[in-house]
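Listed below, chain by chain, are the residues.
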Amino acid sequence: MNKHESALRDFQATIDHHLHLYLAASDDVPANLAKAMAYSVMAGGKRLRPVLALAAADLVGGDWKKALPVAIAIELIHTYSLIHDDLPAMDNDDFRRGKPTSHRVFGEALAILAGDALLTGAFELLAEHSPDQFTPRTALHIIRIVAQAAGKTGMIAGQAADIESSIETCSPDLVEYIHLRKTAALLKAAVMAGALTNMASADQMRQLESFGLHFGLAFQIQDDILDVTQTTEILGKPAGSDQNNNKLTSVTVWGVEHSRRIAEQHYQEAIAALTGFDEKADFLRYLADYCIRRNL
Ligand code: GRG
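Residues numbered from 1 in each chain as written. Predicted model: local features only at pLDDT ≥ 70, side-chain atom pairs only at ≥ 80, totals over all residues. Heavy atoms only, no water.

J.: Explanation requested: the overall build of the protein in the structure shown.
T.: In terms of helices and strands, the protein carries 14 helices and two strands. Dimensions of the protein, computed from C-alpha atoms along their principal axes, come out at roughly 50 × 50 × 40 Å. Going through the 296 residues of the protein one by one, you find that 51% of them count as buried. Sequence separation of at least 24 residues holds for 74% of the intrachain contacts in the protein that already meet a minimum separation of 6. Looking at the protein as shown, the accessible area adds up to about 13,400 Å², and 53% of this sits on carbon and sulfur atoms. (Helix = DSSP H or I, 4+ residues; strand = E, 2+ residues; numbered from the N terminus. Buried < 20%, exposed > 50% of the residue type's maximum accessible area, 1.4 Å probe, protein only. Contact = heavy atoms within 4.5 Å. Areas by Shrake-Rupley, 256 points an atom, 1.4 Å probe, with all protein chains shown as cover.)

In structure tokens:
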């Protein structure tokens with residue numbers, strides 16, 4: 001295992017530990033709700049967004065522990081989005097990460113509530129931890145970045161466009177509109193909010209914003225490619241589900257080979273955005289590389 005793989009594993013283990021702590025500290029939460037929240041949070045995600053938040057914090061200031069609440073909050077938001085995305089009213093998926101989806105296990109009503117609780121819980125967590133760590137200005141800046149990424153001009157806007165789209169309405173502009181909001185927005189916010197916890201300069205924020213954006217686009221294109229090239233067993237969800245749901249994806253617009261080239265271009269732009277950083281940014285470079293070469 002090289003040093004970046006081992007840093008990735010260490011960060012993932014730390015994030016899992018803190019997610020456990022977060023879920024365990026839910027004394028007043030009704031038992032059925034706590035169980036549904038924990039089921040999806042601990043279902044075995046890659047923890048990419050929180051890893052990005054910790055890595056960006058480490059890069060600009062070295063004190064990545066300060067970014068832990070941001071990292072955990074963003075993973076809670078990500079988990080909520082997956083629970084709601086799988087609902088019968090959305091993608092109607094039965095499997096996620098190799099396990100039955102939340103609504104299949106707990107019923108639709110509790111799955112919706114678990115998603116709602118994770119989303120609101122994320123902001124509660126950010127507000128709880130911010131006063132002793134940051135100036136009010138920085139705390140509010142972090143909360144605004146995360147809220148915008150999750151909200152009506154970010155992830156939810158992407159999802160709203162996604163549910164209206166179909167193979168018949170496909171265009172490169174529309175696919176990029178959806179990818180930017182549905183996927184890249186939260187990945188970019190993870191990098192930016194993580195960096196803010198370690199007092200990133202305006203210049204560093206600009207570079208990391210561009211990194212996060214291109215990383216996010218490359219990530220979603222790779223996700224679309226995997227949907228048609230990987231097996232259900234490896235993906236942990238039905239392969240080909242985008243096509244079966246008549247979804248607009250990079251593959252429907254560009255085909256697999258051209259999608260690979262576009263993902264590679266975004267990867268190169270993500271790497272170019274880090275030019276101003278020295279070898280301390282090698283871990284982010286490694287994550288970008290992993291993101292377009294991953295099988296899962
Ligand atoms: C507001 C009702 C309501 C629903 C919101 C916003 C939303 C639903 C859904 C959009 C979120 C979504 C499914 C984006 C796709 C991004 C994507 C490729 C997710 C998979 O991310 P990974 O591979 O997942 O990082 P793991 O399982 O590793 O955590």
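What follows picks up the thread again.
J.: What is the right way to look at the packing of aromatic side chains in this model?
T.: Between two aromatic rings, the relevant description is the distance of the centres plus the angle of the planes. Evaluated as defined, the whole model comprises five aromatic pairs. Ring geometry for Tyr 39 and Phe 106: centres 5.3 Å apart, planes at 75°, overall edge-to-face. Within this pair, whereas Tyr 39 is found in helix H2 (residues 31-41), its partner Phe 106 is found in helix H5 (residues 102-106), the two being separated by 67 residues in sequence. Plain terms: the ring middles of Phe 283 and Tyr 286 are 6.0 Å apart, the flat faces sit at 20° to each other, and that makes the pair stacked. Remark: Tyr 286 and Phe 283 occur in helix H14 (residues 282-293); sequence separation between them is three residues, near one turn of the helix. Cluster of aromatic residues (ring-pair linked, three or more members): Phe 11, Trp 64, Phe 283 and Tyr 286. Its end group placed over the ring of Phe 219, Arg 294 keeps NZ or CZ at 3.9 Å from the ring centre. (Phe/Tyr/Trp six-rings, centres within 6.5 Å; stacked < 30°, edge-to-face > 60°. Lys NZ or Arg CZ within 6 Å of the ring centre and 35° of its normal.)

J.: What's the story with empty space enclosed by the protein in this structure? I'm lost.
T.: If a probe the size of a water molecule is rolled over the atoms, the empty space left behind becomes visible. This model, assessed by the stated rule, comprises three cavities of 30 Å³ or more. Empty space within the largest cavity amounts to approximately 100 Å³. Lining the largest cavity are 13 residues, with Ser 40, Ile 83, Asp 86, Arg 96 and Ser 102 sitting closest to its centre. Going through the elements one at a time, H2, helix H4 (68-86) and strand S2 (99-100) are the ones with two or more residues in the lining of the largest cavity. Sort the elements by how many residues they give to the lining of the largest cavity and H4 lands first, with four residues. The class makeup of the residues in the lining of the largest cavity is five nonpolar, four polar and four charged. (1 Å grid on protein atoms, 1.4 Å probe; cavity = no way out; pocket = protein on both sides within 12 Å on 5 of 7 lines; lining within 4 Å. Points joined across faces, edges and corners; volume = space filled by probe spheres on them. Nonpolar A, V, L, I, M, F, W, Y, C, P; charged D, E, K, R; others polar.)

J.: Is there a simple way to explain the nonpolar core in this structure?
T.: When a protein is soluble and globular, its nonpolar side chains tend to lie buried together. Leu 52, Leu 208, Phe 211, Phe 215, Leu 284 and Leu 287 are the most contacted members of the largest nonpolar core, which totals 82 residues. Setting aside residues no more than four positions away along its own chain, Leu 284 makes contact with Leu 52, Ala 55, Leu 59, Leu 208, Phe 211 and Leu 274. (Core = buried A, V, L, I, M, F, W, Y, C linked by side-chain atoms within 4.5 Å.)

J.: I keep staring at unusual backbone geometry and nothing clicks. Help me out?
T.: Located in the positive-phi region is Asn 92, a residue other than glycine, with phi close to 55°. Inspection of the secondary structure assignment puts Asn 92 in the loop between H4 and strand S1 (95-96). Within the chain, Met 199 stands out as a residue other than glycine whose phi angle is a positive 55°. Looking at the secondary structure, you find Met 199 in the loop between helix H9 (172-196) and helix H10 (202-229).

J.: Please explain the pattern of salt bridges as it appears in this structure.
T.: Side chains bearing opposite charge may pair, as long as their charged atoms lie close to each other. Enumeration according to the criterion identifies 16 salt bridges in this entry. In this structure, the salt-bridge partner of Arg 47 is Glu 75, at a minimum N-O distance of 2.9 Å. Note that Arg 47 is positioned in the loop between H2 and helix H3 (48-61) and Glu 75 in helix H4, a separation of 28 residues in sequence. For the pair Arg 47 and Glu 75, a shared accessibility class is recorded, and that class is buried. The salt bridge involving Asp 162 is made with Lys 247; its shortest N-O contact spans 3.2 Å. (Salt bridge = Lys/Arg side-chain N within 4 Å of Asp/Glu carboxyl O.)

J.: I'm lost on the site of the ligand in this one. Help?
T.: Inspection of the region around the ligand gives 19 residues, with Lys 46, Arg 49, His 78, Met 90 and Arg 97 positioned closest. Arg 49 places a side-chain nitrogen or oxygen 2.8 Å from an oxygen atom of the ligand. His 78 has a polar side-chain atom sitting 2.7 Å from an oxygen atom of the ligand. Calculation on the ligand without its partners gives an accessible area of 740 Å², and the protein chains cover 88% of this total. A majority-of-atoms criterion places the ligand in the largest pocket. Sorting the residues of the shell around the ligand by element identifies H4, helix H8 (155-164), H9 and H10 as the ones contributing at least two each. Element by element, the count of residues in the shell around the ligand is highest for H4, at six residues. (Near = heavy atom within 4 Å. Polar contact = N/O pair within 3.5 Å; in protein donor to acceptor, adjacent residues only side chain to side chain. Sits in = over half its atoms within 2 Å of the grid points.)

J.: What should I look at first to understand the packing of helix H1 (residues 3-24) against H14 in this one?
T.: Helices that pack against each other are described as a pair by the angle of their axes relative to one another and the distance between those axes. Following both chains from N to C, one finds H1 and H14 inclined at 90°, their axes separated by 10 Å at the closest point. By the angle between their axes, H1 is roughly perpendicular relative to H14. For the pair H1 and H14, contact is made by His 4, Glu 5, Ala 7, Leu 8 and Phe 11 and by Asp 282, Phe 283, Tyr 286 and Leu 287, respectively. Among the residues forming the contact of H1 with H14, the class breakdown is six nonpolar, one polar and two charged. (Axes fitted to C-alpha atoms, helices over the stretch in contact; angles between N-to-C directions. Parallel < 35°, antiparallel > 145°, perpendicular 65-115°, else oblique.)

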